[in-house]
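Spelled out from the first residue to the last, the chains are:
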Amino acid sequence: MMVILQTVLFIVLTAAAGYFAFKGYYRVYKNIMLGNKRESYTDQPKLRLNNMLLVALGQKKMFKNITPAILHVFIYVGFTITQIELIEIFIDGITGHHRILYHAVENIAFLRGLYVFTISFIEVLSLFVLVATIAFLTRRWILKVPRLNKPELKGWPIKDATIILLAELYLLACIFSMNTGDMALHDGMYGFLVSGKLVPLLSGFNDTTLHLIERLGWWGHILGVFGFLVYLPYSKHLHILLAFPNTYFSRLNPKGYISNVPEITREINLMMNPDSAAAAPEAPAEPVKFGAKDVFDLSWKNLLDAYSCTECGRCSAACPANLTGKKLSPRKIMMDTRDRLEEVGRSIEANKGVWNDDGKSLIENGYISVEELRACTTCNACVEECPIMISPLEIIIELRRNLIMEESNAPAEWTGMFANMENNGAPWQFSQQDRLNWKNG
Amino acid sequence: MEVKTMAEYAANGETPEVLFWVGCAGSFDQRAQKITRSFVKILNHLNIKFAVLGTEESCNGDPAKRAGNEFVYQMLALQNIQILNGYGVKKIVATCPHCFNILKNEYPSLGGNYEVLHHATYLQQLINEGRIKMTDANVFKGKKITYHDSCYLGRANEIYEAPRKVLEQLDADLVEMKSCRTKGLCCGAGGSQMFKEDEPGAKRINIARIEEVVETEAQIVASACPFCNTMLTDGVKAKEKQQQVKVFDIAELLAAGQGLETINFQ
């Protein structure tokens, strides 16, 4: 009876988790697709695959900074390999068996050995995860590493980070209580490496309590995994999934490249060569907007970048403007983009799929300020640092284009510079006729 | 100084080996003009047939583009491309990483396709070909030189070794700053910051950079960008370190090593 009840409960919970998780991820997908789709980022698939394997799977860019890289690998590998155990938990949950894989192979020495090795390996990795998680909590809350204690992290972001780290500790506690309870209950029959050492801790308990401990661990673990799955699309931790598409679709041009706006090329060509007007393709019916004022004007890749960002702050720690006390923080550019996108997404959802202009945009309105945009030196330090190839710079340039070309919002010095460039072909007020004067020096 | 323009070559029915893109800083900024002259001295010394556009050259458009003014940028870019294509230019060398970057990476999709080199790479090639003979490298004996990575040469185009190879020709100690190569700290001029006041903050970026220079105890900080040069020079002045640290372009140092320039350490 108990077994049937548990099986039914398991299936219901799986379905519910599946439903809510799907809703969450689909919402993220729909929001990303609000961006413009002018570029597909699908050329050179081999190179893209290579980037994904090296940078996302292989963590190549993380290793620029060795200590956090190693700790991160502990959690990454631990988290991934632990999922093997989940296969059995899942089959057990649906069929009402207990350790179905073990019992299927218990009489085949080699396979039983493999099973015990796998679970023991997971247990050892879990210890590494424990070390890393404690190190990460210490770094955030005791050592207060500068990049993890910047103003843009106040409130939800730092809570989000802490929730995930505590959830990891919770999952570890579940795995060990499940395995240790099982070991104690069956007199160490399974022979797991780490939980075997923990059995004496449970020596005073009777079988009913041991069974309860095992069950609490089992249910706690799977519920934790479900919770994690549903929570992920609302958290910065989405990077564990999005790092893969984000590196695959990353820009392949040299970092110095900034796109040329084709609509402007057409207009200038018409100006320089009016005869070509007749031959020129029809101008688009809708007036072209230059640059980006809101998330709709950014590319879907910019928006994928925003959802992929895990707020590690390597970008801001390397940003020369941020380092010298300016307001600009590339991480905040990504966080603001995501927050605004979420706001827009919620509004569209509330209006049954229709976007009603809320009179706000990504610039100012509590999001990215003009002052931040003005402080960027386009040095690419943020782009270089990002472990998953996000470009805050591309968003900054798009927003700058809007300020200059749509709002005519430029500092006076820049307005003068533009005029000089137009009139005498140099940012300064020198005559083009004097261009060769240097040779007389 | 022997300098021929593209128009003069064309008038004689000749084609130069390479077009030297001087850039606005190199044309007008008094400090950068010296860099231009040093580079030309090296070219002339090696009898390289090069041309400049002279009065036909315009700004490449970078400061406008990075500020967000794509109109002004493309107007200049398309004019420049018309002129370059008109002369059938194939190969360009620029002493400014901003000119180099935009000509190399952003002109192609506007119809301007050329082989574009920065002078660091160009000089390295001449060194590799054995064409550059150091006669006065010992001027630098016992001196420490640190190289400041320009963002548009380094991260933007991943050219880190060429300028260092140029400096290795000098009989000096090459020392690195705390932030170098991919982690090189910006001088503060890029993104059109050169042409406006800083945003409010704790310090200027070039001051932060000069503090790293001073830490190395180098007598010379070498740059490969006229804008970095200006920012570093200003930083040295602000820190009142003019006596200890001098700012030079790699072309000036290489010219001095060949006895084509005199370096004044005082």
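Sequence positions are assigned chain by chain, starting from 1 and proceeding in written order. All chains are assigned letters beginning at A, and all ligands numbers beginning at 1, according to the order in which they are written. Predicted model: local features are reported for residues with pLDDT of at least 70 only, side-chain atom pairs are reported and counted for 80 or more only, and whole-chain, interface and lining totals are derived from all residues. Computation of side-chain values covers all heavy atoms of the structure but excludes hydrogens and water.

Enquirer: What is the right way to look at the interface of chain B and chain A in this model?
Expert: In this description, contact between two residues means that some pair of their heavy atoms is separated by no more than 4.5 Å. Each side of the interface is counted separately: chain B has 74 residues, and chain A has 61 residues. Throughout, buried area stands for the accessible area (probe radius 1.4 Å) lost by two parts on being put together, summed over both. Here chain B meets chain A over a buried area of about 5,600 Å², counting both sides, of which 65% is carbon and sulfur. Just to be clear on terms, a salt bridge is a Lys or Arg side-chain nitrogen sitting within 4 Å of an Asp or Glu carboxyl oxygen. One salt bridge connects A:K255 with B:E158, and the closest N-O pair in it is separated by 3.8 Å. We call two N or O atoms a polar contact when they sit within 3.5 Å, provided that within protein one can donate a hydrogen and the other can accept it, with sequence-adjacent residues counted only if both atoms are side-chain atoms. Our count for the contact surface shared by chain B and chain A stands at 37 residue pairs in polar contact (both at pLDDT 80 or more). Elements with a minimum of two residues in the side of chain B that touches chain A: α2 (23–28), α3 (30–45), α4 (62–67), α5 (70–86), α6 (97–106) and α9 (205–216) of chain B. Under the DSSP-based scheme used, a helix requires at least four consecutive residues in state H or I and a strand at least two consecutive residues in state E, with every element numbered from the N terminus. Broken down by element, the side of chain B that touches chain A gets its largest block of residues, 10 residues, from α5(B). For the side of chain B that touches chain A, the per-class residue count stands at 31 nonpolar, 26 polar and 17 charged. Ten residues, namely Ala, Val, Leu, Ile, Met, Phe, Trp, Tyr, Cys and Pro, are considered nonpolar, four, namely Asp, Glu, Lys and Arg, are considered charged, and the remaining ones, Gly among them, are considered polar.

Enquirer: What is the right way to look at α3(B) in this model?
Expert: Two residues of an α-helix separated by three or four positions point the same way, owing to the 3.6 residues in each turn. Residue and element names in this part refer to chain B. Over its 16 residues, α3 extends 23 Å from the first C-alpha to the last, a length consistent with the 22 Å expected when each residue adds 1.5 Å. Each residue is placed in one exposure class: buried if its accessible area under a 1.4 Å probe, protein chains only, is under 20% of its type's maximum, exposed if it is over 50%, and partly exposed if it falls in between. Considered for burial, the residues of α3 that qualify are A32, Q33, I35, T36, R37, S38, F39, V40, I42 and L43. By the N-cap criterion, in which a side-chain oxygen at the helix start approaches the backbone nitrogen of a residue two or three places on, α3 is capped by D29, the distance to R31 being 3.1 Å. Expected helix span is taken as 1.5 Å per residue step, with the number of steps being one fewer than the number of residues.

Enquirer: Help me understand the domain arrangement of chain B in this model?
Expert: How big an interface is tends to be reported as the loss of accessible area on association of its parts. All names here are of chain B. Boundary definitions for the domains trace back to an automatic or database domain assignment. With domains assigned, chain B is organised as domain 1 (6–125) and domain 2 (134–257). Taken over C-alpha atoms, the centre of domain 1 sits 23 Å from the centre of domain 2. Taken together, the 26 residues of domain 1 in the interface contact 28 residues of domain 2. Where domain 1 meets domain 2, there are 1 salt bridge. A salt bridge links E252 to R31; its shortest N-O distance comes to 2.8 Å. On the surface where domain 1 and domain 2 come into contact, there are 9 residue pairs in polar contact (both at pLDDT 80 or more). Residue assignment for the side of domain 1 that touches domain 2 shows that the elements contributing at least two residues are α3, α4, α6 and α7 (119–128). Ranked by residues supplied to the side of domain 1 that touches domain 2, first place goes to α3 with 7 residues. Its residues assigned to classes, the side of domain 1 that touches domain 2 comprises 12 nonpolar, 9 polar and 5 charged.

Enquirer: How should the pattern of salt bridges be read in this particular structure?
Expert: Pairing of side chains with opposite charge becomes possible as their charged atoms draw close. Tallying each qualifying case throughout the model produces 46 salt bridges over all chains. Note that A:K332 and A:E372 form a salt bridge whose closest N and O atoms lie 3.0 Å from each other. Here A:E372 lies in helix α15 (residues 370–374) and A:K332 lies in helix α14 (residues 330–350), a separation of 40 residues in the sequence. By relative accessible area, which is 4% here, A:E372 ends up buried. Through salt bridges with shared partners, a single network forms among A:K64, A:K255, A:E384, A:E385, B:E158 and B:K183.

Enquirer: What is the right way to look at the pairing of strand β8 (residues 246–249) of chain B in this model?
Expert: Two faces belong to every sheet, and in a regular strand the side chains alternate between them. Residues and elements named next belong to chain B. Of the two faces of β8, both are covered, the one formed by K246 and F248 as well as the one formed by V247 and D249. Pairing geometry for strand β7 (residues 220–223) and β8, over 4 bridges, is parallel. By the bridge assignment, I220 is partnered in β8 with K246. Regarding topology, helix α10 (residues 226–238) serves as the crossover connection from β7 to the parallel β8, and that connection is right-handed. Criterion used throughout: strands pair if DSSP finds at least two bridges between them. When the strands point away from the viewer and the connection leading from the first strand across the helix to the second strand turns clockwise, the crossover is called right-handed.

Enquirer: Looking at this model, I keep getting lost on the domain arrangement of chain A. Mind explaining?
Expert: Residues and elements named next belong to chain A. According to the domain assignment, chain A contains domain 1 (2–32 + 65–248) and domain 2 (288–410). Contacts between the two partners involve 23 residues from domain 1 and, on the opposite side, 28 residues from domain 2. Together domain 1 and domain 2 conceal approximately 2,200 Å² of surface at their shared face, both sides included; 52% is due to carbon and sulfur atoms. Joining domain 1 to domain 2, the criterion identifies 2 salt bridges. In this structure, E342 engages R27 in a salt bridge whose closest nitrogen and oxygen atoms are separated by 3.0 Å. At the junction of domain 1 and domain 2, the tally comes to 13 residue pairs in polar contact (both at pLDDT 80 or more). Within the residue set of the side of domain 1 that touches domain 2, elements represented by two or more residues are α1 (2–32) and α9 (239–248). In terms of residue class, the side of domain 1 that touches domain 2 is made up of 12 nonpolar, 6 polar and 5 charged.

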